[in-house]
Amino acid sequence: MTLTEIPSDAELVERFPYASIDHDNKALYRGWLEKSLRMNRCDDCQRFHHPPKPVCPSCWCSSLVPSEVSGRGTIHLAMFLHQGPPAPGVDYAKAPHPVVTVELEEQEGLRFTSTVAGCAPEEVRIGALVELDWVDRLGAPFPVFRLVEKS
Amino acid sequence: MARNPIADQVAIVGIGSTGFSRDSGGRSAKALACEASIRAIRDAGLGPGDIDGLVGAAEPGGPQPQEMSAALGLPQVSHFSSPTPVAVFALVDAMNAIYSGSCDTVLLYFAYTRLPWNSRSAAQDPFRRRHTLGVMPAPESVNAAAAYAAWASRYIHEYDVPREAFGRVALNARAGAANNPLAAMKAPLSMEGYLGARMIREPLCLLDMDVPVDGADAFVLTRTDRARAMTKSPIVIHAATVGLVGTNDEDQLPSLARHGQHVVVESLRAKSDLWLEDMDVFFPYDGFSIITLGWFENFGWCGPGGAGRFLEEHWDEASGRVMIDGRIPVNPHGGSLSEGATRGSGHIREAVMQLRGDADARQVPGARNALIGCGGFFFNSQGAILRRL
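Residues numbered from 1 in each chain as written. Chains lettered and ligands numbered in written order. Predicted model: local features only at pLDDT ≥ 70, side-chain atom pairs only at ≥ 80, totals over all residues. Heavy atoms only, no water.

**Thoughts on the overall build of chain B**
Consideration 1: Each helix and strand counted, chain B has 13 helices and 14 strands in total.
Consideration 2: In terms of C-alpha radius of gyration, chain B reaches 20 Å, essentially the compact-globule figure of 21 Å for 389 residues.
Consideration 3: For chain B, the spread of C-alpha atoms along the three principal axes comes to 55 × 50 × 40 Å.
Consideration 4: Taken across its 389 residues, chain B has 61% of its residues classed as buried. (Helix = DSSP H or I, 4+ residues; strand = E, 2+ residues; numbered from the N terminus. Rg over C-alpha atoms; globule rule 2.2 N^0.38 Å. Buried < 20%, exposed > 50% of the residue type's maximum accessible area, 1.4 Å probe, protein only.)

Quick look at the structure:
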């Protein structure tokens, strides 16, 4: 468990200036630094939940283990920002920026929201299969999705 | 019928509004709140000494109840609170405070001021610029407002809904605003105009989103027995409720088939003697057009995915708006899309005006009952039924 204390809370906040980090979700962002997408999993009932909560909403157990998920899943929601908050590498004038909510293969209803990198906006469709990848944002890893080629 | 001892026990006896605009010309939210409040108290035929409760929605940039008490010189209040937006949270709190005896007469106010993150012109104002969000979030989020565009994509995917379905919500609002002196957006709007509007968060465009405005609404509420001494036919809250499901995080919501609106509809229906067939005017919230389509379906005017077709079938070509069964108008004041982003207070005020018979060119003849579905899908779903006794 000592691993989760590196870096310090103060450093963690510095690495992710765009995130609202607190004691409930800090393990998620520490995972990002290791390019690992972790979601709280209940040590008792084994259910995942997201975003991180202080207790398991399914059984009220407070023994929660930040557990790596595959990041593979299906696009459930898909919108395209024609304007929005500034971010490195995001140029709204050039093309609308896709923001997708992906239903992960680990559990029905367990979802994670990010963008889809490396494709044209019109290729981003609800129902498409995606996998996780990491890009750099302001010097720290940032999780994104990529379309899985259909064979 | 569910237990609803508060039915018809609290009345709305005063209303006041500043009207809404894209720029109030250097007036503060507190100044707007004071103007609307004084109008509402005078409209009720009361004075500052009659107000012993103060409820003000905690709108960003809006005044706190204690500031309003100081500004208006209220001698003493025994209940005050600042419920989170949108409007029916505050309405329910005021209603409960009166019925429980915490106070007798509440001034309920809502003050809106454009803020730097939703208005470019507000961002130029050195005073308003100081209101900041704290952390500038990443674009890859479906928190709060963006969630409606994200779930609109799902709605379109599941039900193959054309953009015209959303467009009719916008057109209906604009047609209403044309007859409302308080409204911010009165220029005529055509379907071509809607379809050509700038995309913001595709699939939602500029005209699917409410208009940031400056302005304020205020209401005076009191016990119905006191209201009867003031007017022959008081406007009362027949039922009011809020609704929430467990998994309400925007991107984790299980589906469009089960969220806060469904809880509201079940609760309201169980508490009310009146239902759709009894209504004379319908107020589905329209902070985003997708919310309005949701209210049509979830109240049961039509089935899931059927709101677009319903609006088309009940469209009145002559007036360019929806008339349910040729009889029931929808947001006749123009709603949040065209009157301005009142977060529901405009819907409540227009309901009261209609039930009083004071809605002038917009008046529904003999209106007695109004149905309000306020808020969206996640953590601010609410509803109310107002009636004239």
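**Looking at the side chain of Arg349(B)**
Residue and element names in this part refer to chain B.
Consideration 1: Within the element layout of this structure, Arg349 appears in helix H13 (residues 345–356).
Consideration 2: When its relative accessible area of 2% is taken as the criterion, Arg349 is described as buried.
Consideration 3: Those residues in contact with Arg349 that lie beyond four places of it in its chain are Ile15, Ser17, Phe20, Leu182, Asp217, Phe219 and Glu339. (Contact = heavy atoms within 4.5 Å.)

**Structural notes on the sheet that holds strand S2 (residues 48–49) of chain A**
All names here are of chain A.
Consideration 1: Spatial strand order, S2-S1-S3: three strands in an open sheet with antiparallel pairing. Bordering the open sheet on either side are S2 and strand S3 (64–68), each of which pairs with just one other strand.
Consideration 2: Pairing of strand S1 (residues 38–42) with S2 involves two bridges; the strand directions are antiparallel. Residue pairing for S2: Arg41 is matched across the bridge by Phe48. (Pairing = 2+ DSSP bridges.)

**Side note on the domain arrangement of chain A**
All names here are of chain A.
Consideration 1: Taken domain by domain, chain A consists of domain 1 (2–68) and domain 2 (73–147).
Consideration 2: A separation of 21 Å is found between the C-alpha centroids of domain 1 and domain 2.
Consideration 3: Contacts between domain 1 and domain 2 engage 14 residues on the former and 15 residues on the latter.
Consideration 4: Put simply, domain 1 and domain 2 have zero salt bridges between them.
Consideration 5: Scanning the region where domain 1 abuts domain 2 turns up three residue pairs in polar contact (both at pLDDT 80 or more).
Consideration 6: Counting residues per element, the ones that place at least two in the side of domain 1 that touches domain 2 are helix H2 (26–33) and S2.
Consideration 7: Grouping the amino acids of the side of domain 1 that touches domain 2 by side-chain chemistry returns eight nonpolar, three polar and three charged. (Domains from an automatic or database assignment. Salt bridge = Lys/Arg side-chain N within 4 Å of Asp/Glu carboxyl O. Polar contact = N/O pair within 3.5 Å; in protein donor to acceptor, adjacent residues only side chain to side chain. Nonpolar A, V, L, I, M, F, W, Y, C, P; charged D, E, K, R; others polar.)

**Notes on the packing of aromatic side chains**
All names here are of chain A.
Consideration 1: As enumerated under the stated definition, the model contains 23 aromatic pairs over all chains in all.
Consideration 2: Considering the side-chain rings of Tyr18 and Phe142, the 5.9 Å spacing of their centres and the 80° angle between planes classify their relative orientation as edge-to-face. One end of the pair, Tyr18, is in the loop between helix H1 (9–15) and H2; the other, Phe142, is in strand S8 (residues 140–147), and 124 residues separate them in sequence.
Consideration 3: Under the relative-accessibility criterion, Tyr18 is labelled buried at 10%.
Consideration 4: The buried category is assigned to Phe142, whose relative accessible area is 4%.
Consideration 5: Through successive ring pairs, a cluster of aromatic residues spans Phe16, Tyr18, Tyr29, Trp32, Phe112, Phe142 and Phe145.
Consideration 6: If you follow Arg137 out to its NZ or CZ, it ends over the ring of Tyr18, 5.8 Å from the centre.
Consideration 7: Across from the ring centre of Phe142, 4.1 Å away, lies the NZ or CZ of Arg137, which sits over that ring. (Phe/Tyr/Trp six-rings, centres within 6.5 Å; stacked < 30°, edge-to-face > 60°. Lys NZ or Arg CZ within 6 Å of the ring centre and 35° of its normal.)

**Describing the packing of helix H1 (residues 29–43) of chain B against helix H2 (residues 65–72) of chain B**
Residue and element names in this part refer to chain B.
Consideration 1: Between H1 and H2, the shortest axis-to-axis distance is 11 Å and the interhelical angle comes to 65°. Of the two elements, H1 crosses H2, and the hand of that crossing is right-handed. Contacts between H1 and H2 involve Lys30, Ala33, Cys34, Ser37 and Ile38 on the former and, on the latter, Glu67, Met68, Ala71 and Leu72.
Consideration 2: In terms of residue class, the contact of H1 with H2 is built from six nonpolar, one polar and two charged. (Axes fitted to C-alpha atoms, helices over the stretch in contact; angles between N-to-C directions. Left-handed = near helix turned anticlockwise from the far one by under 90°.)

**Some thoughts on the pattern of salt bridges**
Residue and element names in this part refer to chain B.
Consideration 1: In this structure the tally under the stated criterion is 25 salt bridges over all chains.
Consideration 2: Linking Glu266 and Arg258 is a salt bridge whose minimum nitrogen-to-oxygen distance equals 2.7 Å.
Consideration 3: The exposure class of Glu266 is partly exposed, given its relative accessible area of 45%.
Consideration 4: Across the pair Glu350 and Arg362 runs a salt bridge whose closest N-O atoms are separated by 2.8 Å. With Glu350 in helix H13 and Arg362 in the loop between H13 and strand S13 (369–374), the pair connects residues that are twelve residues apart, well separated along the chain.
Consideration 5: Overlapping salt bridges, with partners in common, bring together Asp104, Arg223, Asp225 and Arg226 in one network.

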